[in-house]
Amino acid sequence: MFKGGFAIWIFIGAAWSSAPEPVLPLNDAVQTAIRTNLRVQGAALEVDEAGDMVEALKTRRYPRLELNAAINHNLTTQSYTFPEGSLVPDSEIGPIPPNNVEITTEQGTTEIVSFSARQPLTRLYTIALEICEGYVTTAMAVQKVRWTQQDVAFLVKLQYFEVGRIIGDLQAIDESILFLSSLSDLVRNYVDQQVALEYELLDVRARLAQRQLERQRRIDEMITAKERLNALLGRDVETPFSVEHLPVPHQVVYDTDASLVLAFDQRPDFIESLLAIEKAEYSYDVKKSEYIPDIDFHFSYLKLFNVSLVPDAEAIVALDLRWEIFDWGRKRDELASRASKIAGAEVKMGEVRSQIEIEVRDSLRKLRTAQESVAVARELQAAYREKLRVMINRYREQTTLLTNVLETETQLDRANSDYNKAVLSVWRALAEYERAVGEV
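Residues numbered from 1 in each chain as written. Predicted model: local features only at pLDDT ≥ 70, side-chain atom pairs only at ≥ 80, totals over all residues. Heavy atoms only, no water.

**Q** What is the right way to read the environment of N416 from this model?
**A** Tracing the sequence through the fold places N416 in helix α8 (residues 402-436). For N416, a relative accessible area of 2% gives the class buried. With 35 residues separating them in the primary sequence, N416 and Q381 have C-alpha atoms 6.1 Å apart. (Helix = DSSP H or I, 4+ residues; strand = E, 2+ residues; numbered from the N terminus. Buried < 20%, exposed > 50% of the residue type's maximum accessible area, 1.4 Å probe, protein only.)

**Q** I tried to follow the pairing of strand β2 (residues 64-73) on my own but got confused; where do I start?
**A** A regular strand places its side chains so that they alternate between the two faces of the sheet. Judged by how many residues are buried, β2 sits mostly at the surface: zero of ten residues are covered. Where β2 lies against strand β5 (residues 109-120), ten bridges are found, and the strand directions are antiparallel. Pairing of N72 across the sheet is with T110, part of β5. (Pairing = 2+ DSSP bridges.)

**Q** Even after reading the chapter, I still don't get the packing of helix α5 (residues 256-266) against helix α7 (residues 330-396), so can you show me in this structure?
**A** Each pair of packed helices can be summarised by the angle the axes make with each other and by the distance between the axes. Packing of α5 against α7 leaves a shortest axis separation of 10 Å and a crossing angle of 135°. As far as their axial angle goes, α7 and α5 are oblique. Crossing hand, α5 versus α7: right-handed. Judged by residue contacts, T256, S259, L260, A263 and F264 of α5 engage R353, I356, E357, V360, R361 and L364 from α7. (Axes fitted to C-alpha atoms, helices over the stretch in contact; angles between N-to-C directions. Parallel < 35°, antiparallel > 145°, perpendicular 65-115°, else oblique. Left-handed = near helix turned anticlockwise from the far one by under 90°. Contact = heavy atoms within 4.5 Å.)

**Q** Honestly, α8 in this entry has me stumped. Any pointers?
**A** Structural remark: α-helix, 3.6 residues per turn; residues separated by three or four positions point the same way. In this model α8 runs 50 Å from its N-terminal to its C-terminal C-alpha over 35 residues, within 8% of the 51 Å that 1.5 Å per residue would give. At the C-terminal side of α8, G438 shows a positive phi close to 85°. (Expected span 1.5 Å × (residues − 1).)

**Q** Where do I start with unusual backbone geometry in this structure?
**A** Leaving glycine out, the prevailing phi sign among residues is negative, and the prevailing peptide bond configuration is trans. Notably, W328 is not glycine yet its phi reads approximately 60°, a positive angle. Within the element layout of this structure, W328 appears in the loop between β8 (313-322) and α7. Phi is positive for Q398, close to 60°, though the residue is something other than glycine.

**Q** I would appreciate a short explanation of the pattern of salt bridges in the present structure.
**A** As a working rule, side chains carrying opposite charge can pair if their charged atoms are close by. In the structure shown here, the tally under the stated rule is 36 salt bridges. Put simply, R207 and D203 hold a salt bridge, and the shortest N to O gap is 3.4 Å. A residue pair is termed a helical-turn pair when its members lie 3 or 4 positions apart in one helix, as R207 and D203 do in helix α4 (residues 198-232) at four residues. D203 gets classed as partly exposed once you look at its relative accessible area, which sits at 28%. Here D269 makes a salt bridge to R267, at a shortest N to O gap of 2.8 Å. One continuous salt-bridge network, built from bridges that share partners, spans K287, E290, E324, D327, R330, K331 and E334. (Salt bridge = Lys/Arg side-chain N within 4 Å of Asp/Glu carboxyl O.)

**Q** Would you explain empty space enclosed by the protein in this entry?
**A** To find leftover empty space, a probe the size of one water molecule is rolled over the atoms. Scanning the model with the defined rule gives two cavities of 30 Å³ or more in all. The space that makes up the largest cavity amounts to roughly 60 Å³. As for the largest cavity, its lining consists of ten residues, of which E175, S176, E409, L412 and N416 are closest to the centre. Breaking the lining of the largest cavity down by element, the ones donating at least two residues are α3 (123-192) and α8. Counted by class, the lining of the largest cavity contains five nonpolar, two polar and three charged residues. The computed volume of the second largest cavity comes to approximately 40 Å³. What lines the second largest cavity is simply Q150, A153, F154, K157, A431, E434, R435, E439 and V440. (1 Å grid on protein atoms, 1.4 Å probe; cavity = no way out; pocket = protein on both sides within 12 Å on 5 of 7 lines; lining within 4 Å. Points joined across faces, edges and corners; volume = space filled by probe spheres on them. Nonpolar A, V, L, I, M, F, W, Y, C, P; charged D, E, K, R; others polar.)

**Q** Looking at this structure, how should I read the nonpolar core?
**A** Nonpolar side chains in soluble globular proteins generally cluster together in the buried interior. In this structure, V156, Y160 and F161 are the most contacted members of the largest nonpolar core, which totals 40 residues. In terms of residue count, the dominant contributor to this core is α3 (eleven residues). Every residue in contact with Y160, bar those within four places of it in the chain, is listed here: L24, P25, L26, A29, L229, V243, E244 and L246. If you look at the next biggest cluster of nonpolar residues, it comprises 21 residues, including I173, M391, L406 and L412. (Core = buried A, V, L, I, M, F, W, Y, C linked by side-chain atoms within 4.5 Å.)

That is the geometry; function is a separate question.
Following this line, the structure appears as structure tokens:
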């Protein structure tokens, strides 16, 4: 009954499940979460938003086309008087006009249609800078998606291991229930033979009842843990599944320097901090370009209807210049503000770099400690298992007390739980290391 190693089986066994459930491998769970998790989908929408903003910026390179139309109704009568000789004072035929001429407008409506096209010239440089800044913003959004994916993958692994921990505890409890049930029968016989006292039997039965209650609590915890994992996977929380058996990981040793290089190449938050510096530099250049005068090529056409006094159409081609020659130091101060943002982004990048170094080194230390703890837990488990075997034999021979047997059983139960936690701590440490170096 107590022979053999205590394996970490991460599956829903027949002891606490009435029907088999489809096995969900760890890698499949991670990949599913990366695709369907709601946080990941929300971050992906930000990439689309940034890309749409870039496309909108590109359209500003082309001419701005405007069409205006109006219908004017004359509410008052207007008169215009041209005095004698106002156009030509003296000519061969006399003054023009030869006498005072009065022209009066008529009641009615006048239709006006105008079309204009304005092509920016010097602004094209600023627009190009803004487009480059938009590309950097899009790249930052992509890194945010990667960071969200890695964070979600880490949470999925932790929840997956949590289900495994609970199932490992259930196996230890089932082992304890089986032992206490056998012990209860043995003590019952001893009581009938008046070799043991009634309170000893009651003590064993009370411990058995406690284990059974604890077993039900663990089952409830497992159901909750599986619901949380389903939520991380972006599916119905009641979706049935079981998780695969994860053996004790092999002893692995990672080089610190190589891990740091890998982290700086892959960590999305570090790449995003570098892009933030580039974005701040483009923002500075955009603001600096405001010193350049705005020169536009402008074409306009105007057409009047129901007008006979003045020309009813005109077309204009022009070069427009707009230049704020004095701004009371506003651009200078705004440039100083943008320069401060560049310095702030560089400081932030240094903070992220230091944090990554700390996380990588800490994850390596945790991994080493976790791997060492497995061997210690395994030795303790084997020792208490053997001790319990000896104690139960002595109790059958009536050379030891029942309290010693129960105490040893409690120690083995604790050792089984500690071994379960030790093995899962290695998997957790591996997950933390993968997250620290930027792997999913």
